[in-house]
Amino acid sequence: MKKNKTLLLLLGIFLILMTVFLLLNHWNKTKQETAAITAEEPQIQVTEIDGLSALSYEGRAGSMAFEYKDGVWYYSEDKEIPIIQSKIQNIADSYCRITATRLIDQPDAPGDYGLEPPNDTVYLTGTDGNTYTVKLGNLADSERYLMLNDQETDIYTVNTSLSTVLMYSLDTLVEKDSLPSIGSANLSGVSILSEGGMKSYSSENEDSSEILATISGGYGAMSLTECASFHLTDSERQEFKLEESSRTTVTLTYQDSNDEEQTYTIYIGGLDSTEEQRYVQVDNSQIVYLVSADIIANLLGSTFS
């Protein structure tokens, strides 16, 4: 009786293992068949451009134009504004190699697909001098309609990523300044120059420890994210009270990661229209930021307002 139970138990385990094996085998076969079908799906090459010298677009995200020279993308309206290269290059790469999933057979009028007028229009100039106009229209399920160079007989459907890659504003494309790592542990001194005179604090002076901690906390809370100007002009300098005679200059002395002494300068201007933020310029940057007035008060050690 005991021997029979053991045989039945082994048989049951064998059947379970066989079932698992057959299920895994079926899943693997199905996966391979699906991959093969996917690989066989036709890919339609719409553009194949070796490189661009200019790129511009207009549509839902606004209108912007960029030029490419000596390996660098520039904002056409103001080449002094630093641009995040990877974001523009991502747009360029996407449009130099457009692959469609479908070419519509005997298409209707472009307006029926949201292509006249289009949702977005991208203008490309190749390094060979050839120009291209790419129009993006309405959604087609999970894709979007596209027309190249106003060829109304050739209307495609493409991945929606071709339109989402355009969803940038100039503010999100500007390469903003990064603040050096300065905290209470490596902050050795601060000087603050304003219309009220000069104040200096040193970590070697015990009486300065409390105010240095306040300044360090204000600096640590600063965030250079909101821009008031991407390239400070003379008229803005006066408007923002960032002229040398009216601004407050904060110079931080600190030890870097190599234990070498460095200085970092922050210029504080006036209040904005909300009176809750102040205009801030850092070191040699031409960008002007808006920073909370409360944070600036801490940065100034509550010495000046």
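Residues numbered from 1 in each chain as written. Predicted model: local features only at pLDDT ≥ 70, side-chain atom pairs only at ≥ 80, totals over all residues. Heavy atoms only, no water.

Peer 1: Looking at this structure, how should I read helix α5 (residues 209-221)?
Peer 2: Working note: α-helix, 3.6 residues per turn, so residues spaced by three or four point in the same direction. Compared with the 18 Å implied by 1.5 Å per residue over 13 residues, the 18 Å span of α5 between its first and last C-alpha is a close match. Burial in α5 covers these residues: I211, L212, I215, S216, G218 and Y219. Taken end-on, α5 shows its buried residues confined to a sector of 160 degrees, consistent with a single buried face. Those residues of α5 that are exposed and angled more than 90 degrees off the buried face are E210 and G220. Considering only its buried residues, α5 is in contact with β11 (187-194), β12 (197-202), β14 (248-255), β15 (261-271) and α7 (293-299). (Helix = DSSP H or I, 4+ residues; strand = E, 2+ residues; numbered from the N terminus. Expected span 1.5 Å × (residues − 1). Buried < 20%, exposed > 50% of the residue type's maximum accessible area, 1.4 Å probe, protein only. Arc of directions from axis to C-beta. Contact = heavy atoms within 4.5 Å.)

Peer 1: I'm lost on the sheet that holds β12 in this one. Help?
Peer 2: Backbone-to-backbone hydrogen bonds pair the strands of a sheet. The strands run either parallel or antiparallel. Overall, antiparallel pairing links the seven strands, which are arranged β12-β11-β14-β15-β16-β17-β13 in an open sheet. Strands at the two margins of the open sheet, each flanked by one partner only, are β12 and β13 (227-229). The sheet shows a mean angle of 25 degrees between the axes of neighbouring strands, taken without regard to direction. Looking at chain direction, β11 and β12 are connected through six bridges and run antiparallel. Paired with S191 across the strands is S200, a residue of β12. Sitting on the sheet, α5 touches β11, β12, β14 and β15, and the angle it makes with β11 is about 85 degrees. (Pairing = 2+ DSSP bridges. Axes fitted to C-alpha atoms, helices over the stretch in contact; angles between N-to-C directions.)

Peer 1: Any chance you could explain the nonpolar core here in plain terms?
Peer 2: One recurring pattern in soluble globular proteins is that nonpolar side chains are buried together. With 60 residues, the main nonpolar core has Y57, F66, Y95 and I266 as its most contacted residues. Take this core: its biggest share by element is five residues, from helix α2 (residues 85-96). Residues in contact with Y57, not counting those within four places in the same chain, are G62, S63, M64, F66, I91, T121, V122, L166, Y168 and L173. (Core = buried A, V, L, I, M, F, W, Y, C linked by side-chain atoms within 4.5 Å.)

Peer 1: Would you take a moment to explain the packing of aromatic side chains for this structure?
Peer 2: Any pair of aromatic rings gets described here by the distance separating the centres and the angle formed by the planes. Using the criterion set out here, one finds four aromatic pairs in the structure. A centroid spacing of 4.8 Å and a plane angle of 50 degrees characterise the contact between Y68 and W73, whose relative ring orientation is tilted. Lying across the ring of Y267, R247 places its NZ or CZ 3.9 Å from the centre. (Phe/Tyr/Trp six-rings, centres within 6.5 Å; stacked < 30°, edge-to-face > 60°. Lys NZ or Arg CZ within 6 Å of the ring centre and 35° of its normal.)

Peer 1: Sorry, what's going on with the environment of S245 here?
Peer 2: Tracing the backbone shows S245 in the loop between α6 (234-239) and β14. Since its relative accessible area comes to 58%, S245 is described here as exposed. Put simply, S245 and E195 are 50 residues apart on the chain and 7.5 Å apart in space, counted from C-alpha to C-alpha.

Peer 1: What am I meant to see in the confidence of the model for the protein chain here?
Peer 2: Low pLDDT marks stretches whose predicted atomic positions should not be read closely. Per-chain confidence: the protein chain averages 90 in pLDDT, with 86% of residues scoring 70 or above. Note that residues 34-40 has pLDDT below 50 and, in this model, zero contacts with residues that lie over four places away or in other chains. (pLDDT = per-residue confidence, 0-100.)

Peer 1: Explain α2 here, please?
Peer 2: Helix length check: α2, at twelve residues, gives a terminal C-alpha distance of 16 Å against a target of 16 Å (1.5 Å per residue), a fit within 8%. Every buried residue belonging to α2 is among I88, I91, A92, Y95 and C96, and all of these are buried. For α2, the buried positions fall inside an angular range of 125 degrees around the axis, keeping them on one side.

Peer 1: Would you take a moment to explain the side chain of S194 for this structure?
Peer 2: The residue S194 is located in strand β11 in this model. Polar contacts involving the side chain of S194 include one to the main-chain amide nitrogen of G196, which spans 3.0 Å. (Polar contact = N/O pair within 3.5 Å; in protein donor to acceptor, adjacent residues only side chain to side chain.)

Peer 1: Even after reading the chapter, I still don't get the pairing of strand β3 (residues 62-69), so can you show me in this structure?
Peer 2: If a strand is regular, its side chains alternate between the two faces of the sheet. As defined by bridge partners, strand β2 (residues 52-59) adjoins β3 across six bridges and the pair is classed as antiparallel. What sits directly across from E58, in β3, is S63. In textbook terms, the turn of a hairpin is the stretch between consecutive antiparallel strands, and for β2 and β3 this stretch comprises two residues. Sheet topology note: the β3/strand β4 (residues 72-75) ladder contains four bridges and is antiparallel. Bridge assignment links Y68 to a residue of β4, and that residue is W73.

Peer 1: Help me understand the sheet that holds strand β8 (residues 131-140), please; the structure alone is not making it clear to me.
Peer 2: If you walk across this open sheet you meet the eight strands as β4-β3-β2-β7-β8-β9-β10-β6, and the pairing is antiparallel. Sheet topology places β4 and β6 (102-103) at the edges, where each strand pairs with a single neighbour. Examined bridge by bridge, β8 and strand β9 (residues 143-148) share five bridges and lie antiparallel to one another. Looking at the pairing, A140 lines up with E143 of β9.

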